[in-house]
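Residues per chain, in single letters:
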Amino acid sequence: MKSTVHWGVAHGLPTLFLQRAAARGDLQARLIRVGSLGSDDEVFGLIEEIRSKGPLYRSSIGHVATSHSSVRHLLTSDDFRSGPPTDEGLLGRIGRWAAPDALHPVKPPSLLVTEPPDHTRYRKLVTRVFTMRAVERLRERTEEIAAGLLDDLEPRATSSVDLVEAYCAQLPVTVIAEILGVPDAERFKVLDFGSAAAPSLDLGLGLRRYRSTSAALARFDAWLGDHLEHLRREPGDNLLSQLVAVREDGAGLSESELKATAGLVLAAGFETTVNLLGNGIALLHDHPDERARVVADPTLWTNVVEEALRLDPPVLLTGRMALRDTEVAGQRVRAGSMVTAILGGANRDPEVFDDPLRFDVGRANARDHIAFSAGRHHCLGAQLARMEGEVGLRAIWDRFPDLRLDPGARRRETRILRGFETLPATLRP
């Protein structure tokens, strides 16, 4: 009963409201509804329609920011906070009562939704472990993992394979398993947890998906408690063991903070990298002239990742709540109002990017995208995602330069995350 009530508050009631608002022509509601259907063509068309209404669009749900400047302001301003709209009122009280006890990537103490001073202390400790140097040490191992996965695909190279299942998902989940220090015999659990828990980042889940996601998070929570205890007894050469041990002024991360960090690495680091790889493969396939530029100049691979993140970001949007009366793009926003930041809109702002709808692997300012958010909630795993994207995309195109996408590709039915559910391909046509 409790899970059903929470689903109704967090997902069912908003879904009914969105249906009615979309029917009345509300552009934000239509955008969310289109994402839930896995539609590929309409999403960015609606974003451009919203952009045409100005840098800050007012919908029946809240405000929507699409310009690069307004989105960056929203994500970096102290006038806004992350997290759910409110804890107040009847729905807020029911939501707190019905919330699952297990860890959740968009509930405190997840770094996605904590704010200073807790966020400052917490992120400082985590950042001491997730350094650029630590990510670069993983590069060679990531290259080995990618090569092994492609070796496994060789016998199937002349028949159609689903690249999401066989490659795009396998690469990041194996890297995550190594970051978390998961024994080889238990790595299948990480893939199961990651695949089932990733939708927790989305909104408007159906009851069946909500229940399966909550169950997966509960299983991961229970498994993680045992795993952390094992790492305390027998620390290994992995980043989670370092997180268990890290201290600042004698204080470390609490059990719930350790679990939340591991859960965020799994739920956010897995699905977003799967999307980056799938979106990047599709973009390179659909733009053979740009692919030829990279073949001629392999130093462009780093920029390929930035341009893929810009043009087809793994996370389409995020949201913030106004803490006080303020302004965005010259328009008044009242305290308590929700403002949605369309990352995919900011990344296609013609005021910042010339010919923004064009995939250009040599784009000089491609890295000016906001695909990893900005401000204090800038993605902690951005460097890891960049590295995995570069290694993963380069490896598959180097091995299978004639890769051909087959009919049947399907986008995920998600509103926030953007990627492929299936991406069938023949590696050697």
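Please refer to the structure higher up on the page.
Since the structure is predicted, the reported quantities are computational estimates derived from the model, not experimental observations. (Residues numbered from 1 in each chain as written. Predicted model: local features only at pLDDT ≥ 70, side-chain atom pairs only at ≥ 80, totals over all residues. Heavy atoms only, no water.)

Points about the overall build of the protein
Link 1 in the chain: When helices and strands are counted, the protein shows 17 helices and 12 strands.
Link 2 in the chain: Within the span of the protein, comprising 429 residues, buried residues form 56% of the whole.
Link 3 in the chain: In the protein, of all internal contacts separated by at least 6 residues, the share reaching a separation of at least 24 is 73%. (Helix = DSSP H or I, 4+ residues; strand = E, 2+ residues; numbered from the N terminus. Buried < 20%, exposed > 50% of the residue type's maximum accessible area, 1.4 Å probe, protein only. Contact = heavy atoms within 4.5 Å.)

Considerations on unusual backbone geometry
As a rule of thumb, non-glycine residues mostly have phi less than zero, and peptide bonds are mostly trans rather than cis.
Link 1 in the chain: Even without a glycine there, the phi angle at Asp355 is positive, about 45°.
Link 2 in the chain: By the element assignment, Asp355 lies in the loop between helix H16 (343-346) and helix H17 (382-399).
Link 3 in the chain: On the basis of relative accessibility, which here comes to 45%, the residue Asp355 falls in the partly exposed class.

What about helix H14 (residues 288-296)?
Link 1 in the chain: For H14, the set of buried residues is Glu290, Arg291 and Val294. Along the axis of H14, the buried positions cluster into a sector of 105°, meaning they face one direction only. Counted as exposed and oriented over 90 degrees from the buried face of H14: Asp289, Val295 and Ala296. (Arc of directions from axis to C-beta.)

Concerning the sheet that holds strand S12 (residues 424-426)
Adjacent strands of a sheet pair through backbone hydrogen bonds, lying either parallel or antiparallel.
Link 1 in the chain: On the basis of which strands lie adjacent, the open sheet formed by 3 strands has the order S4-S12-S9 and antiparallel pairing. With partners counted over all chains shown, the strands left at the sheet margins are strand S4 (160-162) and strand S9 (404-405), one partner each.
Link 2 in the chain: By the bridge criterion, 2 bridges tie S9 to S12 in an arrangement that is antiparallel. If you follow Arg404 over to S12, its bridge partner there is Thr426. (Pairing = 2+ DSSP bridges.)

Some thoughts on the environment of Thr174
Link 1 in the chain: Here Thr174 is to be found in helix H9 (residues 170-179).
Link 2 in the chain: The exposure class of Thr174 is buried, given its relative accessible area of 19%.
Link 3 in the chain: Excluding residues that lie within four positions of it along the chain, Thr174 makes contacts with Ile145 and Arg187.
Link 4 in the chain: Within polar-contact distance, the side chain of Thr174 engages the backbone oxygen of Gln170 at 2.7 Å. (Polar contact = N/O pair within 3.5 Å; in protein donor to acceptor, adjacent residues only side chain to side chain.)

As for the sheet that holds strand S8 (residues 338-342)
Link 1 in the chain: With respect to topology, 5 strands assemble into an open sheet ordered S1-S2-S8-S5-S3, the strand pairing being mixed. Lying at the two open borders of the sheet, with one neighbouring strand each, are strand S1 (56-58) and strand S3 (80-81).
Link 2 in the chain: Summarising the sheet, strand S2 (residues 63-65) and S8 pair through 3 bridges and their orientation is parallel. The residue of S8 that forms the bridge with His63 is Val339.

Quick look at the environment of Asp26
Link 1 in the chain: Residue position: Asp26 is located in the loop between helix H1 (2-23) and helix H2 (27-36).
Link 2 in the chain: Beyond its immediate stretch of four places on either side in the chain, Asp26 contacts Ala21, Tyr57, Ser59, Ser60 and Ile61.
Link 3 in the chain: Looking at Asp26, its side chain comes within polar contact range of the main-chain nitrogen of Ser60, at 2.7 Å.

Here's the deal with the nonpolar core
Link 1 in the chain: Leu163, Tyr167, Ile281, Ile396 and Leu403 are the most contacted members of the largest nonpolar core, which totals 76 residues.
Link 2 in the chain: It is helix H13 (residues 255-286) that provides the largest number of residues to this core, a total of 12 residues.
Link 3 in the chain: In terms of nonpolar packing, the next biggest core, distinct from the first, is built from 31 residues, Leu31, Val34, Val71 and Ile342 among them. (Core = buried A, V, L, I, M, F, W, Y, C linked by side-chain atoms within 4.5 Å.)

Some remarks on the pairing of strand S5 (residues 317-322)
Link 1 in the chain: One ladder, built from 2 bridges, connects S3 with S5; its direction is antiparallel. In the sheet register, Arg81 faces S5, and the bridge partner there is Met321.
Link 2 in the chain: In this sheet, S8 lies alongside S5 in antiparallel orientation, the contact comprising 5 bridges. Counted as the bridge partner of Met321 is Met338 from S8.

So, the packing of H9 against H17
The relative placement of two packed helices comes down to the angle between their axes together with the axis-to-axis distance.
Link 1 in the chain: Two elements in contact, H9 and H17, have axes whose closest approach is 11 Å; the angle formed by their N-to-C orientations is 135°. By the criterion of interaxial angle, the relationship of H9 to H17 is oblique. Regarding H9 and H17, the two cross each other, and that crossing is right-handed. From H9, Leu171, Pro172, Val175 and Ile179 reach across to H17, where they touch Leu384, Glu388 and Gly392.
Link 2 in the chain: Among the residues forming the contact of H9 with H17, the class breakdown is 5 nonpolar, 1 polar and 1 charged. (Axes fitted to C-alpha atoms, helices over the stretch in contact; angles between N-to-C directions. Parallel < 35°, antiparallel > 145°, perpendicular 65-115°, else oblique. Left-handed = near helix turned anticlockwise from the far one by under 90°. Nonpolar A, V, L, I, M, F, W, Y, C, P; charged D, E, K, R; others polar.)

Examining H17
Link 1 in the chain: With 18 residues, H17 ought to run about 26 Å at 1.5 Å a step, and its terminal C-alpha atoms sit 26 Å apart, in line with that.
Link 2 in the chain: Of all the 18 residues making up H17, 13 are buried; the element is thus mostly covered by neighbouring parts of the structure. (Expected span 1.5 Å × (residues − 1).)

Regarding the packing of aromatic side chains
Link 1 in the chain: Applying the stated criterion across every chain, the model contains 1 aromatic pair.
Link 2 in the chain: The ring of Phe420 carries Arg411 above its face, with NZ or CZ at 4.1 Å from the centroid. (Phe/Tyr/Trp six-rings, centres within 6.5 Å; stacked < 30°, edge-to-face > 60°. Lys NZ or Arg CZ within 6 Å of the ring centre and 35° of its normal.)

Comments concerning the pattern of salt bridges
Link 1 in the chain: The final tally for this structure, using the stated rule, is 27 salt bridges.
Link 2 in the chain: Ionic pairing is found between Asp312 and Arg418, a salt bridge with its closest N-O pair at 2.5 Å. You can see Asp312 sitting in the loop between helix H15 (301-311) and S5 and its partner Arg418 sitting in the loop between strand S10 (410-411) and strand S11 (420-422), a full 106 residues away along the chain. Each of the two residues, Asp312 as well as Arg418, counts as buried. (Salt bridge = Lys/Arg side-chain N within 4 Å of Asp/Glu carboxyl O.)

Considerations on the packing of H15 against H17
Link 1 in the chain: Packing of H15 against H17 brings their axes to within 9 Å, and their N-to-C directions diverge by 110°. Judged by the inter-axis angle, H15 sits roughly perpendicular to H17. When the axes of H15 and H17 are compared, the crossing they make is right-handed. Facing H15, whose interface residues are Trp301, Thr302, Val304, Val305 and Glu306, H17 presents Arg386, Gly389, Glu390, Leu393, Arg394 and Trp397.
Link 2 in the chain: Classifying every residue of the contact of H15 with H17 gives 5 nonpolar, 2 polar and 4 charged.

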